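# Coordinate analysis (summary)
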Amino acid sequence: AGATESTYITDTLLALGSYSYSVTVVNPISGCTVTSGVVTANVFADPVVTIVNAADVCEGGVVTMNAVVTGQIEEAEYIYTWYRDNEVVGSNSDTYTTDATLAAGNYVYRVEITPADLSGCNAISEPVNANVIAVPTVTISGYEAVCEGGSVELTANVYPMLAGNSYNYAWY
């Protein structure tokens, strides 16, 4: 490839495939020449990491998310780093369980993978939402005393109220 030093760094924009390299060394005093054997450098596509099982949860609940890696080099081992709102919250596992003490709010998660041998081929997932939903409070209002044979009308008062009063109710 034309380099003339003892160390050769390949182009950084190599296309996918296999590349063969050898080196010829010449002793400048004797003129003796020796050529190495051929080594092959394989260029692979970057892996893709995706978070699955992200879901919204009520306050006090947890969600366990998984990182799924596709397109990886066979038998590659990865170091996992999990982020919530761009802050590191977990590492060294392809699963992450959210914290049960998180306050109600919107949370964005990502996971980054780095090969354990630090050979490149890092990847970071697209962000996913795993929000914590405030647990509503409910009280009952209405008439509590009635004459025999009568009926009462009771109302479930829920806070916070969802748009369109969309809670499901089950009276017992």
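Attention in this report is confined to the structure presented alongside it. Sequence order as written defines the numbering, with residues in each chain counted from 1. pLDDT decides what is reported in this predicted model: residues at 70 or higher carry local features, side-chain atom pairs at 80 or more are listed and counted, and totals for whole chains, interfaces and linings draw on all residues regardless. Heavy atoms from the whole structure form the basis of all side-chain values; hydrogens and water molecules are not counted.

## Concerning the layout of surface pockets
- As defined here, a cavity is a set of points on a 1 Å grid over the protein atoms alone where a 1.4 Å probe fits but cannot get out. A pocket is an open set with protein on both sides within 12 Å along at least five of seven lines, and residues line them when an atom is within 4 Å of a point. Grid points are joined across faces, edges and corners, and a volume is the space filled by probe spheres set on the points. Taken as a whole, the second largest pocket spans an internal volume of roughly 160 Å³.
- Contributing to the lining of the second largest pocket are Val138, Ile140, Ala156, Tyr167, Asn168, Tyr169, Ala170 and Trp171.
- Classifying every residue of the lining of the second largest pocket gives 7 nonpolar, 1 polar and no charged. In this count, Pro and Cys sit with the nonpolar residues alongside Ala, Val, Leu, Ile, Met, Phe, Trp and Tyr, while Asp, Glu, Lys and Arg are called charged and the others, Gly among them, polar.

## A few points about empty space enclosed by the protein
- On inspection of all chains with the given rule, the structure shows 1 cavity of 30 Å³ or more.
- One number sums up the size of the largest cavity: a volume of about 30 Å³.
- Classifying every residue of the lining of the largest cavity gives 4 nonpolar, 3 polar and 1 charged.

## Side note on the sheet that holds strand S10 (residues 95-97)
- Taken in spatial order, the 3 strands make up an open sheet running S5-S7-S10, and their pairing is antiparallel. The open sheet is flanked by strand S5 (48-52) and S10, the only strands paired with a single partner. Strand after strand, the sheet turns through a mean of 20 degrees between neighbouring axes, direction not considered.
- Strands are labelled as partners when DSSP assigns at least two bridges between them. Segments assigned H or I by DSSP are reported as helices when at least four residues long, segments assigned E as strands when at least two residues long, and all are numbered from the N terminus. Of the strand pairs in this sheet, S5 and strand S7 (residues 64-70) are connected by 5 bridges, and their pairing is antiparallel. Across the sheet, Ile51 pairs through a bridge with Ala67, a residue of S7. For every element, the axis is a line fit to its C-alpha atoms; helices are fit only across the contacting stretch, and the angle between N-to-C directions ranges from 0 to 180 degrees.

## Structural notes on the nonpolar core
- Residues enter a nonpolar core if they are buried and are Ala, Val, Leu, Ile, Met, Phe, Trp, Tyr or Cys, with the set joined through side-chain atoms within 4.5 Å. In this scheme, a residue with accessible area under 20% of its type's maximum is buried, one over 50% is exposed, and one in between is partly exposed, where area comes from a 1.4 Å probe on protein chains only. The biggest cluster of nonpolar side chains holds 20 residues, and the ones touching the most others in it are Met65, Tyr80, Trp82 and Tyr109.
- Contact criterion: two residues are considered in contact whenever any of their non-hydrogen atoms come within 4.5 Å of each other. Among all residues touching Tyr80, those that are not within four sequence positions of it are Ala67, Val69, Gly90, Ser91, Asn92, Ser93, Asp94, Val111, Glu112 and Ile113.

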